[in-house]
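# Structural overview for review
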Amino acid sequence: MHAYYFFLIWKRIVAGLVLMKKEETVDYPIKSAWHAISRMYNQQAAEEGFTTSIGFVLININSKEGTPATKIAPLIGLETRSLTRMLKTMEEKGLIFKKADPIDKRSVRIFLTPEGKRKKEISVQTVKRFNEQVRDVISDKELAGFFGVITKIQKVIDQIQTKEGATSYVNQ
């Protein structure tokens, strides 16, 4: 789907609608900033022996009640297969354990071990520290504008994906 999306953009650019440098596109600064943030988080996580992805999973597991395994992937935007592999790695590293849901025995809940709780706290503090540093240099008004723009961009993406999904379904 992503290749198709980029093909459409390339086709429009070549068609002469708009000739843009990568720095002038909407997606380039978002992607560039996210890669920088991800590298920074990964560097800090690596010092503690884990990854940004594992940190995000830890943050999304309820420390007291655990979290149903099926709820984690949508929270962090991961495919179920990728999450399954990651949970296996996290279990092997002693960060989590699995337990049958007491209400729905077919469901599995993920719980944090003491080490998982420790690494979750490191992850939470890392995210908080970064956000505080950003807020120190960007005003509330600028952040409100940023969040407004990002929300609109997400709506455009959702519309494109909805149309592609409808188109894909019709073409099958």
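Just so we're clear, the structure is a prediction, and the values are computed from it rather than from any experiment.

### What about the nonpolar core?
- Core analysis: the largest hydrophobic core is formed by 16 residues, its most contacted members being Ile54, Val57, Leu58, Ile61, Leu87, Met90 and Ile96.
- Here this core gets 4 residues from one element, more than from any other, and that element is helix α5 (residues 80-92).
- Ignoring sequence-local partners within four residues, the contact set of Ile54 consists of Met86, Met90 and Leu95.

### A look at the layout of surface pockets
- The computed volume of the second largest pocket comes to approximately 380 Å³.
- Lining the second largest pocket are Trp34, Thr52, Ser53, Phe56, Asn60, Leu75, Ile76, Gly77 and Leu78.
- When contributions to the lining of the second largest pocket are tallied by element, the ones reaching two or more residues are α3 (52-59) and α4 (69-76).
- Among the elements that take part in the lining of the second largest pocket, α3 stands out by supplying 3 residues, more than any other.
- Its residues assigned to classes, the lining of the second largest pocket shows 5 nonpolar, 4 polar and no charged.

### As for the pattern of salt bridges
- In total, this model carries 7 salt bridges according to the counting rule given.
- The closest approach of N and O atoms between Arg118 and Glu115, which form a salt bridge, is 3.1 Å. A residue pair is termed a helical-turn pair when its members lie 3 or 4 positions apart in one helix, as Arg118 and Glu115 do in helix α6 (residues 114-137) at 3 residues.
- The class for Arg118 is partly exposed, based on a relative accessible area of 39%.
- Here the residues in one salt-bridge network are Glu48, Glu115, Arg118 and Lys119, joined through shared partners.

### Considering helix α2 (residues 27-47)
- Relative to the 30 Å expected for 21 residues at 1.5 Å per residue, α2 spans 30 Å between its end C-alpha atoms, a close match to the ideal helical length.
- Those residues of α2 that sit buried are Ser38, Tyr41 and Ala45. Seen from one end, α2 has its buried residues packed into an arc of 70°, which puts them on one side. Facing away from the buried side of α2, by more than 90 degrees, are the exposed residues Arg39, Gln43, Ala46 and Glu47.
- Buried residues along α2 sit in contact with α3 and α6.
- Following α2 by one or two positions, Gly49 adopts a phi angle in the positive range, close to 85°.

### Looking at the side chain of Thr67
- Within the secondary structure, Thr67 is located in strand β1 (residues 67-68).
- With sequence-adjacent residues up to four places away left out, Thr67 is seen in contact with Asn60, Ile61, Asn62, Ile72, Val108, Arg109 and Ile110.

### Quick look at the side chain of Ser107
- The topology assignment puts Ser107 in the loop between β2 (96-100) and β3 (108-112).
- Excluding its chain neighbours within four sequence positions, the residues that come into contact with Ser107 are Pro68, Lys99, Ala100 and Asp101.

### Examining the sheet that holds β2
- Sheet architecture is open: 3 strands sit in the order β1-β3-β2, paired in antiparallel fashion. Because the sheet does not close on itself, it has two edges, and the strands there are β1 and β2.
- For β1 and β3, the ladder comprises 2 bridges, and the chain directions are antiparallel. Each residue of the ladder has a partner; that of Pro68, found in β3, is Arg109.
- Seen against the sheet, α5 touches β2 and β3 and runs at an angle of roughly 110° to β2.

Cut-offs and rules
Residues numbered from 1 in each chain as written. Predicted model: local features only at pLDDT ≥ 70, side-chain atom pairs only at ≥ 80, totals over all residues. Heavy atoms only, no water. Core = buried A, V, L, I, M, F, W, Y, C linked by side-chain atoms within 4.5 Å. Buried < 20%, exposed > 50% of the residue type's maximum accessible area, 1.4 Å probe, protein only. Helix = DSSP H or I, 4+ residues; strand = E, 2+ residues; numbered from the N terminus. Contact = heavy atoms within 4.5 Å. 1 Å grid on protein atoms, 1.4 Å probe; cavity = no way out; pocket = protein on both sides within 12 Å on 5 of 7 lines; lining within 4 Å. Points joined across faces, edges and corners; volume = space filled by probe spheres on them. Nonpolar A, V, L, I, M, F, W, Y, C, P; charged D, E, K, R; others polar. Salt bridge = Lys/Arg side-chain N within 4 Å of Asp/Glu carboxyl O. Expected span 1.5 Å × (residues − 1). Arc of directions from axis to C-beta. Pairing = 2+ DSSP bridges. Axes fitted to C-alpha atoms, helices over the stretch in contact; angles between N-to-C directions.

This is a description of form; function is not addressed.
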